Amino acid sequence: CIFDLQYGLPVQLRDKILAENGSKNSVALVPQSGANQSWYAQQQALAIEQGTAGVVAGEAAHLKLQEVARMQPRYERNLAKLCTFFARGECNRGKNC
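Quantities reported herein were computed from a predicted structural model and do not represent experimental measurements.

Relative to the helices and strands, Arg14 is located in helix α1 (residues 11-20). The exposure class of Arg14 is buried, given its relative accessible area of 19%.

Axis separation between α1 and helix α3 (residues 59-68) bottoms out at 9 Å; the angle between their running directions is 145°. The interaxial crossing formed by α1 with α3 has right-handed handedness. Across from Leu13, Arg14, Ile17 and Leu18 in α1, the residues of α3 making contact are Ala61, Lys64, Leu65 and Val68. Classifying every residue of the contact of α1 with α3 gives 6 nonpolar, no polar and 2 charged.

Turning our attention to helix α2 (residues 34-50). Look at α2: 24 Å from first C-alpha to last across 17 residues, which is about the 24 Å you get at 1.5 Å a residue. Two residues or fewer past α2, Gly51 is found with a positive phi of approximately 80°.

Within the secondary structure layout, Glu20 lies in helix α1. Given the relative accessible area of 56%, Glu20 is considered exposed. A C-alpha to C-alpha distance of 9.8 Å links Glu20 and Ala60, two positions 40 residues apart in sequence.

About the criteria used
Residues numbered from 1 in each chain as written. Predicted model: local features only at pLDDT ≥ 70, side-chain atom pairs only at ≥ 80, totals over all residues. Heavy atoms only, no water. Helix = DSSP H or I, 4+ residues; strand = E, 2+ residues; numbered from the N terminus. Buried < 20%, exposed > 50% of the residue type's maximum accessible area, 1.4 Å probe, protein only. Axes fitted to C-alpha atoms, helices over the stretch in contact; angles between N-to-C directions. Left-handed = near helix turned anticlockwise from the far one by under 90°. Contact = heavy atoms within 4.5 Å. Nonpolar A, V, L, I, M, F, W, Y, C, P; charged D, E, K, R; others polar. Expected span 1.5 Å × (residues − 1).

Laid out in structure tokens, this is it:
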């Protein structure tokens, strides 16, 4: 699973949110064949020279991505689970539980 560095989300999820919020052109599909790849690389180099490279995502997509973004680790999944027997008062291990 590859993560987007800006939002800390899987790339597939980021692309889905961008597509849903009207920013379909912000994700570029790179051609697979050699001839098309070289043409695509030339077009991208030309766009960089002209300063038109990259498409800015819409504001709605950016807000949604920030809402879903997780830049901090989630430690709550590593916390110890509460013993259901202890919670009901039926634990026979005593204070070790």
